[in-house]
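Geometric and topological summary
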Amino acid sequence: MVVRRALPTQPAVRASASLFMTEAAAQGVTPGRRMLDVGPEPASTDVAAALRVEPGTEVLARRKLLLANDIPVRIATSYFRLDLFGGTPLCDPDFVRPTLQAGIEALGHRFGHAEEELVARPPTAFEAGTLELGPGEWIVRVLRTGYGDDGTPVHALETICAASRHVFVVAQVTGADEF
């Protein structure tokens, strides 16, 4: 099972109810998702830097498993600063309806820009077990930080992708191509 992940994500797909569900369905794959956990946890060094908090600071984590034809392909975790999102509907244990983006906007945050960083590495034990990876398989970690229109880091999305189950399609911004 191989799924495609576009970078950057097309705006219409990003604004859909679920980026993965929309992308996978367009590829003829039966998508699935399962919420793994929602709650506070200490920010890793990378997540802390993205959200501009100290490492170890408690942040809200919303972690889900994404499946393609019932095969686990990604672990996606949204991280939020508790000083901005603690006690809000984003802390509820189910999927945010109608969309996570709408939930963020309902709390007064408007999208400004995002940055994405990709790193290939061996998986942690949790990642290997959750994604059902074989010995020697790697993951690609995509860390996408979304900033509000005032420059405040609002959302860090860490996506752990089974490397052998993904193709990353990278596109240039229209009008910015050069040979």
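To start, this report covers the structure provided alongside it.

Quick notes on the rules
Residues numbered from 1 in each chain as written. Predicted model: local features only at pLDDT ≥ 70, side-chain atom pairs only at ≥ 80, totals over all residues. Heavy atoms only, no water. Pairing = 2+ DSSP bridges. Helix = DSSP H or I, 4+ residues; strand = E, 2+ residues; numbered from the N terminus. Axes fitted to C-alpha atoms, helices over the stretch in contact; angles between N-to-C directions. Contact = heavy atoms within 4.5 Å. Buried < 20%, exposed > 50% of the residue type's maximum accessible area, 1.4 Å probe, protein only. Arc of directions from axis to C-beta. Core = buried A, V, L, I, M, F, W, Y, C linked by side-chain atoms within 4.5 Å.

**Section: the sheet that holds strand β4 (residues 71–81)**
Strands pair in a sheet through their backbones, by hydrogen bonds, and they do so in one of two ways: parallel or antiparallel. One open sheet accounts for six strands, arranged β2-β3-β4-β7-β6-β5; its pairing is antiparallel. Edge positions in the open sheet fall to β2 (31–42) and β5 (111–121), since each of these has one partner strand only. Pairs of neighbouring strands in the sheet enclose a mean axial angle of 15°, with direction left out of account. Against the sheet, helix α2 (residues 19–26) makes contact with β2, β3 (58–68) and β4, and its axis sits at roughly 160° relative to β2, the strand it touches most.

**Some remarks on α2**
Looking only at α2, the buried set comprises L19, F20, E23 and A24. Along α2, the residues classed as buried sweep out an arc of 110° about the axis, all on the same side. Phi turns positive one or two residues past the end of α2, at G28, with a value near 80°.

**Considering the environment of P153**
Within the element layout of this structure, P153 appears in strand β7 (residues 153–162). Accessibility expressed as a relative area gives 1% for P153, which makes it buried. Taking the C-alpha atoms as reference points, P153 and H113, separated by 40 residues in sequence, lie 9.6 Å from one another. Setting aside chain neighbours within four positions, we find P153 in contact with A50, L51, R52, R81, L84, T145, G146 and Y147.

**Here we look at the side chain of H109**
Position of H109 among the secondary structure elements: in the loop between α5 (100–106) and β5. A relative accessible area of 19% places H109 in the buried class.

**Some points on the nonpolar core**
Counting residues in each nonpolar core, the largest one holds ten residues, listed as A43, V47, A48, A50, L51, V59, A61, Y79, L143 and A156. Contributing elements (two or more residues each) for this core: α3 (45–51) and β3. The greatest single-element share of this core, amounting to four residues, is contributed by α3. Those residues in contact with L51 that lie beyond four places of it in its chain are V59, Y79, F80, R81, P153, V154, H155 and A156.

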